[in-house]
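# Examination of the molecular architecture
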Amino acid sequence: MATIQKRKKSWRAMVRRKGKTVTATFDTKAQAEAWAISTEAKILEGFAVEAIVRETLPPPEGIPMTEALKRYADEVSSTKRGARWEQIRIKAFMRNDNLFQRPIASITGPDIAEWRNKRLRKVAASSVNRELCLLSSVFTYAMKEWHMGITFNPCSLVTKPRKPRPRTQRISLEDRKSPIGHLNWDGRKEPKTPSQWVAFALYLALETAMRKGEILSLQWSNIDFEARHAYLERTKNGEERYVPLSKAAMSLLRIVKNRDPDLPVVPVATGNFDKLFRLARIATGLKHIRFHDSRREATTTMAPKLSNVLELAAITGHKSLSMLQIYYKPKAADLAARLDM
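Per chain, residues are indexed from 1 in the order of the written sequence. The predicted origin of the model limits local features to residues at a pLDDT of at least 70 and limits the giving and counting of side-chain atom pairs to 80 or more, whereas totals for whole chains, interfaces and linings rest on all residues. Hydrogens are left out, water is left out, and the side-chain values use all remaining heavy atoms of the structure.

## A closer look at the overall build of the chain
Strands here mean DSSP runs of E at least two residues long; helices mean DSSP runs of H or I at least four residues long; both are numbered from the N terminus. Along the chain, the regular secondary structure elements total 14 helices and six strands. With a 1.4 Å probe rolled over the protein chains alone, any residue whose accessible area is under 20% of its type maximum counts as buried; one over 50% counts as exposed, and the rest are partly exposed. For the chain, with 341 residues in total, the buried portion stands at 43%. Pairs of residues are marked as contacts when any of their non-hydrogen atoms sit within 4.5 Å. Counting contacts in the chain only where the partners sit at least 6 residues apart, residues at least 24 apart contribute 60% of the total. For the chain, the accessible surface area stands at approximately 19100 Å², while carbon and sulfur atoms represent 51% of it. Under the convention used here, a 1.4 Å probe and the Shrake-Rupley method define accessible areas, while residue burial counts only the protein chains that appear.

Structure, rendered in structure tokens:
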């Protein structure tokens, strides 16, 4: 059945039949009623929702996809911890993909599927999945929040690539010595240069299982040597976390003399940090090593020292166990003592 509603200066038509829902907006009631009759007939004939929208509505015009992408980067991405990655990716969409130069209402599921297949020939499936999630979010905002004239999210009509097998790469003692030496830090003196701070951050990650972004967001006011923890106000999962500090982690932090509460623990910008670590691993023949592998190495080292998986989740803030942490919040100092065993 069809529902016609007046909405300010336009008319909104909604047709529900056989579990399918299609909506559209028109300037007059007569146009809405005519569209509803035609659309209902199409559904009864077995047409797919996307085909109905494409055939019954006039050719899409107006707001280009680039406008939606730019608005998303400015209004939504800018509020996220991963703002830099999203904004860089959005600029790449706008610069390199002809598809996103078109009106947003003209982009269909098959268009996105074709784009996905082309991207899979250039980058890994995990990268394509991240990009699809970002595009899907842009389409959702354009549809629900900004009313840009689209009635469905084309990304929801395509299948995501299968996720690759999870990485199992660890960082051995030998693996960590080479890039640390290239970054010119001896592991004992206070870091002075950005390269030395990158090396310092790697050692800290190996002792705490903190993510790169968590380490770079830490300030000295977040470090409590007496309680033996580092406080993360907002993590990747959107939750706070107290990271226990082993004796090795505290010794590492204490070599820094200037611990002004308002200063970052690692005073290096994200972009420069990534560049320095990438150059170090390439120069030392360790292209297969990533900074995030330090988190896996630290987690693997910690696991035998703890009583159960909930303690490990409390330390690492693992996403799949985040809800269980509500019921199990051990003191960071107790966990820190176990890590010293």
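Okay, back to it.
## Looking at the confidence of the model for the chain
Keep in mind that low pLDDT regions are not for reading the predicted coordinates in detail. Overall, the predicted model of the chain reaches an average pLDDT of 83, with 89% of residues at or above 70. Confidence, expressed as mean pLDDT per element, reaches its minimum in the chain at helix H2 (residues 49–56) with 61 and its maximum at strand S4 (residues 223–224) with 93. Confidence of the prediction at every residue is given by pLDDT, a number between 0 and 100. Every residue in residues 322–328 is under pLDDT 50, and counting partners more than four places away or in other chains gives nine contacts.

## Some points on the environment of leucine 252
Looking at the element boundaries, leucine 252 is found in helix H10 (residues 247–254). Put simply, leucine 252 and lysine 189 are 63 residues apart on the chain and 9.5 Å apart in space, counted from C-alpha to C-alpha.

## A few points about the packing of helix H5 (residues 109–120) against helix H6 (residues 125–144)
Here the axes come from fitting lines to C-alpha atoms, over the contacting stretch only for helices, and the angles between their N-to-C directions go from 0 to 180 degrees. Contact geometry of H5 with H6 gives a least axis separation of 10 Å together with a crossing angle of 150°. Relative to H6, the element H5 lies roughly antiparallel. Helix-helix and strand crossings are classified by hand; for H5 and H6 the assignment is right-handed. Contacts from Ile112, Trp115, Arg116, Arg119 and Leu120 of H5 reach H6 at Ala125, Val128, Glu131, Leu132, Leu135 and Phe139. In the contact of H5 with H6, the residues fall into eight nonpolar, no polar and three charged. Under this scheme an angle from 65 to 115 degrees is roughly perpendicular, one under 35 degrees roughly parallel, and one over 145 degrees roughly antiparallel; angles in between are oblique. Less than a right angle of anticlockwise turn of the near helix away from the far helix marks a crossing as left-handed, whereas a clockwise turn marks it as right-handed. Three residue categories are used. Nonpolar comprises Ala, Val, Leu, Ile, Met, Phe, Trp, Tyr, Cys and Pro, charged comprises Asp, Glu, Lys and Arg, and polar comprises the others, including Gly.

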